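In case you want the letters, here they are:
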Amino acid sequence: MSAAMDTESTYSGYSHYSGHSKKAHRQGRDRHKSPRSKDGSRSEKSVTIQTPPAEPLLGNDASQVEDGQDDNWGETTTAITGTSEHSISQEDIARISKDLEDSVGLDCKRYLGLTVATVLGLIVFLTPIAFILLPQILWRDDLEPCGAVCEGLFISVAFKLIILLIGTWTLFFRQPKADIPRVFVFRALLLVLIFLFVFSYWLFYGVRILDSKDTNYQGIVQYAVSLVDALLFIHYLAIVLLELRQLQPMFAVKVVRSTDGESRYYSLGHLSIQRAALVVLENYYRDFPVYNPALLTASKSRAAKHMAGLKVYNVDGPGNNASGQSRAMIAAAARRRDSSHNELYYEEADQERRVKKRRARLVVAVEEAFTHIKRLQAEEQQKAPGEVMDPREAAQAIFPSMARALQKYLRTTRQQQYHSMESILQHLSFCITNNMTPKAFLERYLIPGPTLQYDRDRWFSKQWTLVSGEAVTSGLQDGIVFVLKCLDFSLVVNVKKIPFIKLSEEFIDPKSHKFVLSLQSETSV
């Protein structure tokens with residue numbers, strides 16, 4: 001049964017692609033014949049070169065070509081539109097090649113820093129061991145015997161080195177989450193401090209112990225123990241500078257998405273601008289709803305329709321058209337400005353009505369499908385163990401009953417490009433496996449979720465650009481504004497310092513709440 005369904009879906013998808021290809025070529029010919037449409041507005045399209053995603057659930061109708069491109073348009077068709085908002089020139093190709101070279105440079109810088117830190121860590125870890133072993137190798141016969149105290153120092157050095165190794169691996173050798181444009185200042189300062197510290201210990205060891213061949217072996221071991229103790233203190237300093245210093249909130253940042261105005265507030269500690277940008281991006285993928293450019297096309301099409309509706313006729317001839325056109329344009333713009341808010345109100349009301357209608361149909365269809373699942377589960381319990389369907393087969397069995405309602409709802413809310421058929425089937429089988437309710441299944445589609453909820457290939461931006469008027473290694477300050485840019489939009493970050501709060505105390509005496517009720521014994525009777 002599943003094979004037949006796959007064959008049928010493949011055939012229907014192919015026929016849809018073929019019909020879409022014919023429509024695209026027919027529209028291309030009409031566009032070359034008539035550069036303007038019926039309402040006088042020039043069609044606005046954009047050519048995007050990208051790899052098509054996985055098998056989609058939906059294809060756009062011819063009526064929705066204005067709102068957005070089909071998810072699978074690039075598989076079988078090649079369309080060239082009349083007006084292009086994005087084009088590729090020789091400068092763009094050169095910039096793309098430069099970005100590739102920069103990415104290679106960033107990878108080299110990241111591995112170079114990791115290599116330097118690894119080599120320095122090995123030197124630090126092996127230096128106390130070398131301090132103890134070199135006298136035993138070079139002048140063993142001249143050394144004084146090592147007593148119980150000296151042997152106890154061996155145990156101390158061993159355990160301290162193990163603790164230092166675990167702490168260093170935990171703090172410094174974690175997998176990096178991102179590539180930052182500049183060096184992390186505190187980490188670089190700590191590496192320089194450790195190098196100078198170990199170098200000074202080696203210098204003293206070579207002058208006072210190796211050259212003179214000191215015979216006091218217990219003193220040499222104590223010298224190695226002092227080195228390990230000092231390294232542990234440096235490790236504590238690294239924890240304070242790299243981890244604890246940034247925990248106390250000092251700044252409140254407002255992050256605004258430039259396209260739709262979506263905003264969030266976050267509290268940050270003492271961080272550099274580049275590290276604050278990393279924190280903002282981590283919170284962006286978790287807190288911000290996914291960016292949907294299809295929701296922005298309605299306002300653009302409405303503005304284009306208003307501008308296209310302004311027509312000026314030259315009645316008095318070519319000599320008297322300047323002032324007449326200006327007055328006509330001003331008057332027409334004023335009239336349309338007075339009525340545009342009514343059009344916006346009714347458009348939003350109609351859109352809200354259609355969304356509620358599609359949502360009600362979708363909820364009913366999903367509830368009926370899950371009711372059918374319960375009947376199937378009751379029937380499967382009576383069958384032999386070998387005949388029971390797995391959750392994937394059950395999802396494929398009930399999906400056709402809700403597919404049309406889900407398709408119409410996603411088109412109405414312009415979410416079709418974020419949900420493929422495979423992702424919906426996986427989510428449905430997941431809900432069936434964990435015995436989830438229809439509301440739990442619909443939560444992903446009724447409420448736009450955070451960016452991380454969707455497929456990685458559809459939302460993830462591989463490269464962000466940090467634009468700042470200050471050096472990215474400098475710390476956050478009150479009033480700093482920096483921008484994080486990606487291909488489709490940008491995040492504007494405004495930094496404000498948390499004000500100093502003065503809290504006073506007021507003591508209330510418990511006896512002040514007591515009172516005495518005195519009753520008069522005399523009455524009027």
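Predicted model only: the values in this text are computed from it and were never measured.

So what's going on with unusual backbone geometry? Residues and values would help.
The phi dihedral of Lys-213 is positive, around 50°, even though this residue is not glycine. For Lys-213, the position within the fold is in the loop between helix H5 (185-210) and helix H6 (217-244). A positive phi is found at Asn-435, a non-glycine position, where the angle reads about 55°. With respect to the helices and strands, Asn-435 occurs in the loop between helix H11 (421-433) and helix H12 (438-446).

Explain the packing of aromatic side chains residue by residue, including any values.
Scanning all chains against the criterion turns up 22 aromatic pairs. With a centroid separation of 5.9 Å and an interplanar angle of 50°, the aromatic rings of Phe-370 and Phe-441 are classed as tilted. Note that Phe-370 is positioned in helix H9 (residues 322-380) and Phe-441 in helix H12, a separation of 71 residues in sequence. The same class applies to Phe-370 as to Phe-441, namely buried. Here Arg-257 stacks its cationic end above the ring of Phe-489, 5.8 Å away from the centre of that ring. The ring of Phe-288 is capped by Arg-264, whose NZ or CZ atom sits 5.2 Å from the centre of that ring.

Would you mind going over the sheet that holds strand S3 (residues 465-468) in detail, with residue names and values included?
The strand order S2-S1-S5-S4-S3 describes an open sheet built from five strands, whose pairing is antiparallel. Of all the strands in the sheet, just strand S2 (263-268) and S3 have a single pairing partner and so form its edges. Put simply, the sheet's adjacent strands are angled 25° from each other on average, direction ignored. Of the strand pairs in this sheet, strand S1 (residues 251-257) and strand S5 (residues 490-497) are connected by seven bridges, and their pairing is antiparallel.

Can you explain the confidence of the model for the protein chain? Please cite residues and give values.
Summarising the model, the protein chain shows a mean pLDDT of 74, and 66% of its residues fall at 70 or more. Every residue in residues 1-90 is under pLDDT 50, and counting partners more than four places away or in other chains gives 90 contacts.

I'd like a description of the state of the cysteines, backed by residues and values.
By the definition in use, this model includes one disulfide. With its sulfur 2.0 Å from that of its partner, Cys-146 forms a disulfide with Cys-150. Its S-S torsion of about -115° marks the bond between Cys-146 and Cys-150 as left-handed, since a negative value means left-handed. Residue class for Cys-146 comes out partly exposed when judged on its relative accessible area of 26%.

Got a sec to walk through the environment of Gln-426? Specific residues and values, please.
Along the polypeptide, Gln-426 turns up in helix H11. For Gln-426, a relative accessible area of 44% translates into the label partly exposed. For the pair formed by Gln-426 and Ala-395, sequence separation is 31 residues and the distance between their alpha carbons is 8.2 Å.

Report on the side chain of Gln-417, specifying residues and quantitative values.
As for its placement among the helices and strands, Gln-417 is situated in the loop between helix H10 (391-412) and H11. Its relative accessible area of 16% is what places Gln-417 among the buried residues. There is a polar contact of 2.6 Å between the side chain of Gln-417 and the side chain of Asn-292.

Tell me about the packing of H5 against H6, and name the residues and values.
Orientation of H5 relative to H6, taken along the N-to-C sense of each, is 170°, at an axis distance of 11 Å. In terms of orientation, H5 lies roughly antiparallel with respect to H6. Note on element contacts: H6 touches H5 through Ile-220, Tyr-223, Ser-226, Leu-227, Ala-230, Leu-231, Ile-234, Leu-237, Ala-238, Leu-241 and Leu-242, opposite Phe-186, Arg-187, Leu-190, Leu-193, Ile-194, Phe-197, Val-198, Tyr-201, Phe-204, Tyr-205 and Ile-209. Among the residues forming the contact of H5 with H6, the class breakdown is 20 nonpolar, one polar and one charged.

Cut-off values and rules
Residues numbered from 1 in each chain as written. Predicted model: local features only at pLDDT ≥ 70, side-chain atom pairs only at ≥ 80, totals over all residues. Heavy atoms only, no water. Helix = DSSP H or I, 4+ residues; strand = E, 2+ residues; numbered from the N terminus. Phe/Tyr/Trp six-rings, centres within 6.5 Å; stacked < 30°, edge-to-face > 60°. Buried < 20%, exposed > 50% of the residue type's maximum accessible area, 1.4 Å probe, protein only. Lys NZ or Arg CZ within 6 Å of the ring centre and 35° of its normal. Pairing = 2+ DSSP bridges. Axes fitted to C-alpha atoms, helices over the stretch in contact; angles between N-to-C directions. pLDDT = per-residue confidence, 0-100. Contact = heavy atoms within 4.5 Å. Disulfide = S-S within 2.5 Å. Polar contact = N/O pair within 3.5 Å; in protein donor to acceptor, adjacent residues only side chain to side chain. Parallel < 35°, antiparallel > 145°, perpendicular 65-115°, else oblique. Nonpolar A, V, L, I, M, F, W, Y, C, P; charged D, E, K, R; others polar.

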